[in-house]
2 protein chains.
Amino acid sequence: MQTLNLDLGDRSYPIYIGQGLLQRPELLTEHLQGKSAIAVTNTTIAPLYLAAVTTALAAYKHSAVILPDGEAYKNLATLDQIYTHLLEHQADRKTTLLALGGGVVGDMTGFAAASYQRGINFIQVPTTLLAMVDSSVGGKTGVNHPLGKNMIGAFHQPQAVIIDTDTLNTLADRELSAGLAEVIKYGLIRDPEFLTWLDTEMEALLARDPEALSYAIERSCRHKAEIVAADERESGQRALLNLGHTFGHAIEAAMGYGQWLHGEAVATGMVMAAELSVQMGWLTQAELHVIRHLLERAGLPTEPPTTMTGDDFMRFMSVDKKVLDGSLRLVLMKSLGESIVTADFDPAALNRVLHRDRVS
Amino acid sequence: MQTLNLDLGDRSYPIYIGQGLLQRPELLTEHLQGKSAIAVTNTTIAPLYLAAVTTALAAYKHSAVILPDGEAYKNLATLDQIYTHLLEHQADRKTTLLALGGGVVGDMTGFAAASYQRGINFIQVPTTLLAMVDSSVGGKTGVNHPLGKNMIGAFHQPQAVIIDTDTLNTLADRELSAGLAEVIKYGLIRDPEFLTWLDTEMEALLARDPEALSYAIERSCRHKAEIVAADERESGQRALLNLGHTFGHAIEAAMGYGQWLHGEAVATGMVMAAELSVQMGWLTQAELHVIRHLLERAGLPTEPPTTMTGDDFMRFMSVDKKVLDGSLRLVLMKSLGESIVTADFDPAALNRVLHRDRVS
């Protein structure tokens, strides 16, 4: 087992990464403060892994909320289901929530924990690659609104993140690919060597080679932990983690949440960011090709939905959380493995990318 | 104009108290960080005071959300109306919300600000006595759940509190009385001299004598600011502010939100806390009588609803936010003007109070 530490002063917490961690109850229980815990999971994950968590909680007052599976349910109505369960089971301020599932379960459980009785503790137990390398670490929690993704939420750090890589064995291929989009993102933001490694190891990753996956998860979590420790509230470099997300969120919202997986939309969004970076003269056509090819090898889409117009993109991008005082900021690539956040791009070039006036 | 300061380090803010403050736009605008502001108010307050706020915001991009009036609407569905307005008007992280109204508007606007895009600024402009002396100060925000009052929320401090005492001229008598319950509360918690003053000045307060009201508001806000500065997150003495609230929240939830005003339920709750304190041997019958009489003079109810059983009380009290690891804590009175938070009370005595086996 590897243990990373996310350093946030008195809100620091460990990230455990390894095989068979769900069979080690002490990893969970050492982070419980009171006498009760409530697991939040979904209909896909419950039959696979809820029993292990329930066993670990045998000495505690415990119960479970089982939500429908999918991004389409990441909304206020499902959140209300969690609150109702907490109240019916008389959860109090010392109750700890356990988020057992992917990014949707983790984000919603985290926001329920942030807002129930004005804040209780929670622990992340991610079971998808995307949640392991991205959403379970860093304390961003929330739900979607029909008019914009993750528009309602809070910063609320977990007590611990427990990553049992064995749970990847039951992950659907499409979900594995979606997770790889966020792994590749770290390479594109700040780690060109990692891009080279990913290029070499892509077949091993897709074949679920445990060593390759563990290494990719650990290296990704290190990046995430470093960035969050330096900028918890996203006043600066943390925004780099949104590479591809402004375009991607527009795709997710416009297509209906759950039609495109988050990682799929981010992959296409990163290609669009790369295209704009080419138009700005920062990336070469050859580098754009490298990015697109790596994402395609990971099984990811790299073209926006044919049904989406440039105006559709603009409408959803105008409510992005990186808009400040009305001006849109984007994460773009200065070079392969180095990204920046900027409002200083050519609007005409953005327009060409959005209207699919392709550069390649 | 009086200016108090709530000292919370880099989250400190001023509380302005005076007549005609809505006619001083600079009090609002000096606390706006961006170029846009959105007022949140209700159908009762909008015709009276929204124009003044709109005038103050003339130089900013601004709009208003007008909610239905009443505690019955303090829920997730109404909150969603606020989010929808924010998204439709492309509010971003530099947009400031203005809560113009009573406690319901203030609590919901504050929670919308806490959770929109993971947190934006807001300003409190309370227009009821209750909101002026209690809910607008201290950063508690949230909405009700059918199973419990204020169960969903966050701590989120405003940028400023602007109390224009002229707005009390349009307040309904019943609402004025409800506000007086929270004013009397400060006397019962920690200020016996204030109780004497209230006894002398009750007629003046009910006649809306501006000087008497200003003094009561200022003295109440000073107490609130001192307590919150010492214990922002309610790990200790801030819980004293919940005197009467555990009983009162049970009444509000059981009767249906809005049937009893919050202040009315708190008044009755304070009498029930006093009754239990008598049973514990801490208060005398004479002191209980003084409390009951003062509340009655303020126009407040002091008997729980005849339709509520002891079991109704227990069911709603068991999800109170002061329950910790399953044990109920209550605010009780050690003497007139001195309260404590304790789980160390006689359950049989509580049972007698709840089952209306009255001590007087």
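Residues numbered from 1 in each chain as written. Chains lettered and ligands numbered in written order. Predicted model: local features only at pLDDT ≥ 70, side-chain atom pairs only at ≥ 80, totals over all residues. Heavy atoms only, no water.

Visitor: Would you take a moment to explain the overall build of chain A for this structure?
Guide: In terms of regular secondary structure, chain A is built from 13 helices and 11 strands. Taking 2.2 N^0.38 as the reference for a compact globule, 360 residues should give roughly 21 Å; the C-alpha atoms of chain A span a radius of gyration of 20 Å, in line with that estimate. Counting only C-alpha atoms and orienting by the principal axes, one finds that chain A spans roughly 60 × 40 × 35 Å. When the accessible surface of chain A is totalled, it reaches about 12400 Å², and 50% of it is carbon and sulfur. Distance between charge centroids for chain A: 6 Å, based on 29 positive and 42 negative side chains. (Helix = DSSP H or I, 4+ residues; strand = E, 2+ residues; numbered from the N terminus. Rg over C-alpha atoms; globule rule 2.2 N^0.38 Å. Areas by Shrake-Rupley, 256 points an atom, 1.4 Å probe, with all protein chains shown as cover. Lys, Arg positive; Asp, Glu negative; His and termini not counted. Charge placed at Lys NZ, Arg CZ, Asp CG, Glu CD.)

Visitor: Quick question: what am I supposed to make of the interface of chain B and chain A here?
Guide: Often, the extent of an interface is quoted as the loss of accessible area on bringing the components together. Across the boundary between the two partners, chain B contributes 37 residues, which contact 37 residues of chain A. Three residues stand out in chain B for area buried against chain A, namely B:Leu87, B:Arg118 and B:Asp325, and they jointly supply 23% of the buried area on that side. Linking chain B to chain A there are 12 residue pairs in polar contact (both at pLDDT 80 or more). Considered class by class, the residues forming the side of chain B that touches chain A number 14 nonpolar, 11 polar and 12 charged. (Contact = heavy atoms within 4.5 Å. Buried area = accessible area lost by both parts, 1.4 Å probe. Polar contact = N/O pair within 3.5 Å; in protein donor to acceptor, adjacent residues only side chain to side chain. Nonpolar A, V, L, I, M, F, W, Y, C, P; charged D, E, K, R; others polar.)

Visitor: What exactly am I supposed to notice about the pattern of salt bridges here?
Guide: When charged atoms on two side chains of opposite charge get close, those side chains can pair. Residues and elements named next belong to chain A. Applying the stated criterion to the full structure yields 43 salt bridges over all chains. For the salt bridge of Lys 74 with Asp 107, the shortest nitrogen-to-oxygen distance reads 2.7 Å. With a gap of 33 residues between them, Lys 74 in the loop between strand 4 (61-67) and helix 3 (76-88) and Asp 107 in helix 4 (residues 103-115) connect regions that are remote in the sequence. Accessibility expressed as a relative area gives 3% for Lys 74, which makes it buried. (Salt bridge = Lys/Arg side-chain N within 4 Å of Asp/Glu carboxyl O. Buried < 20%, exposed > 50% of the residue type's maximum accessible area, 1.4 Å probe, protein only.)

Visitor: Looking at this structure, how should I read the UniProt feature "domain: 3-dehydroquinate synthase N-terminal" (unreviewed entry) in chain A?
Guide: UniProt's entry tags residues 65-177 of chain A with the feature "domain: 3-dehydroquinate synthase N-terminal" (unreviewed entry), counted in the numbering of this structure. The span residues 65-177 of chain A is 34% helical and 29% strand by assignment, and the distance between its end C-alpha atoms comes to 28 Å. (UniProt positions renumbered as here; feature names shortened; annotations may be inferred.)

Visitor: In this structure, what is going on with the side chain of A:Asn144? I would like to understand it.
Guide: Residues and elements named next belong to chain A. Topologically, Asn 144 is positioned in strand 7 (residues 140-145). By relative accessible area, which is 4% here, Asn 144 ends up buried. A polar side-chain atom of Asn 144 sits 2.9 Å from a polar atom in the side chain of Glu 71.

Visitor: So what exactly am I meant to see when it comes to the relation of the copies chain B and chain A here?
Guide: The two chain copies are connected by a rotation around an axis plus a translation along it. With an RMSD of 0.0 Å, the fit of chain B onto chain A corresponds to turning through 180 degrees and sliding 0.0 Å along the axis. Such a combination of rotation and displacement between the chain copies is what one expects of a two-fold axis. Closest to the rotation axis within chain B is the C-alpha of B:Leu76, separated from it by 3.8 Å. The residues that chain B uses at the interface reappear at the interface of chain A in 100% of cases, marking a shared surface. (Least-squares fit on C-alpha atoms with pLDDT ≥ 70 in both.)

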